[in-house]
Amino acid sequence: RILGVSGTLQALGEYEKSILDQYGLNKFIHVPSVYGSSNFQFDKAGDGIYFEENTSNFFHRISAEIIAATKSRRAVIVFFQNRSKLDMF
């Protein structure tokens, strides 16, 4: 018996189901989330892509995006190329 959580089981196609079946995974139960509906959203075409003139503007844009997302009660993770870039921020 395998118990797990995945928000993607309902989106599986026949091909994905056949792969799971090869491992004996062929019975699924869908239970509504106890956390309510998801507020996940993909960026629309063009949103989330910015070109800034300099590093200062770039870092201000990152800060503005963080503030906007957290005000909407969304989680934020920011990745930097390396520690030096993080320290500059």
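Every chain is numbered on its own, with residues counted from 1 as its sequence reads. Totals for whole chains, interfaces and linings use every residue, but because this is a predicted model, local features are given only for residues with pLDDT of at least 70 and side-chain atom pairs only at 80 or more, for both listing and counting. Excluded from the side-chain calculation are hydrogens and water; included are all heavy atoms of the structure.

1. With respect to a nonpolar patch on the surface
Then, number 1: Note on patches: the residues involved have over 30% relative accessible area and no salt bridge, like charges join within 9 Å, and the nonpolar side chains Val, Leu, Ile, Met, Phe, Trp and Tyr join within 5 Å. With residues, only the protein chains shown are counted as cover, and all accessible areas are computed by Shrake-Rupley using a 1.4 Å probe. When a carboxyl oxygen of Asp or Glu is within 4 Å of a side-chain nitrogen of Lys or Arg, the pair counts as a salt bridge. Taken together, the side chains of Tyr-15, Ile-19 and Tyr-23 present a nonpolar region at the surface, about 390 Å² in accessible area.
Then, number 2: By the element assignment, Tyr-23 lies in the loop between α1 (14–22) and α2 (55–71). In DSSP terms, a helix is any run of H or I states spanning at least four residues, a strand is any run of E spanning at least two, and both are numbered starting from the N terminus.

2. Comments concerning the packing of aromatic side chains
Then, number 1: Two aromatic rings, drawn from Phe, Tyr or Trp (for Trp, its six-membered ring), form a pair once their centres lie within 6.5 Å of each other, and the interplanar angle then sorts them: stacked below 30 degrees, edge-to-face above 60, tilted otherwise. Applying the stated criterion to the full structure yields 3 aromatic pairs.
Then, number 2: Each ring, one from Phe-59 and one from Phe-89, has its centre 5.4 Å from the other, and the planes form 75 degrees; the classification is edge-to-face. With Phe-59 in helix α2 and Phe-89 in the segment after α3 (83–88), this pair connects stretches of sequence that are 30 residues apart.
Then, number 3: A centroid spacing of 5.3 Å and a plane angle of 45 degrees characterise the contact between Phe-80 and Phe-89, whose relative ring orientation is tilted.

3. A closer look at the confidence of the model for the chain
Then, number 1: Summary of the metric used: pLDDT quantifies the predictor's per-residue confidence within the range 0 to 100. Counting all residues, the mean pLDDT for the chain is 82, and 82% of those residues have values of 70 or more.
Then, number 2: Within the chain, the element-level pLDDT minimum falls on α1, averaging 89, and the maximum on α2, averaging 93.

4. Observations concerning the pattern of salt bridges
If charged atoms from side chains of opposite charge come close, those side chains can pair.
Then, number 1: For the structure shown, the criterion picks out 3 salt bridges.
Then, number 2: Between Glu-52 and Arg-61 there is a salt bridge whose closest N-O contact spans 3.1 Å.
Then, number 3: Under the scheme applied here, a residue whose accessible area is under 20% of the maximum for its type counts as buried, over 50% as exposed, and between as partly exposed, the area being computed with a 1.4 Å probe on protein chains only. Residue Glu-52 is classed as partly exposed on the basis of its relative accessible area of 30%.
Then, number 4: Take Arg-61: its relative accessible area is 31%, and that puts it in the partly exposed class.
Then, number 5: Close ionic contact of Asp-87 with Arg-83 constitutes a salt bridge, the shortest N to O distance being 3.0 Å. Pair noted here: Asp-87 and Arg-83 are both in helix α3, with a separation of 4 residues, about one helical turn. Like Asp-87, the residue Arg-83 is exposed in the burial classification.
Then, number 6: Bridged by salt links that share partners, the residues Glu-52, Arg-61 and Glu-65 form one connected network.

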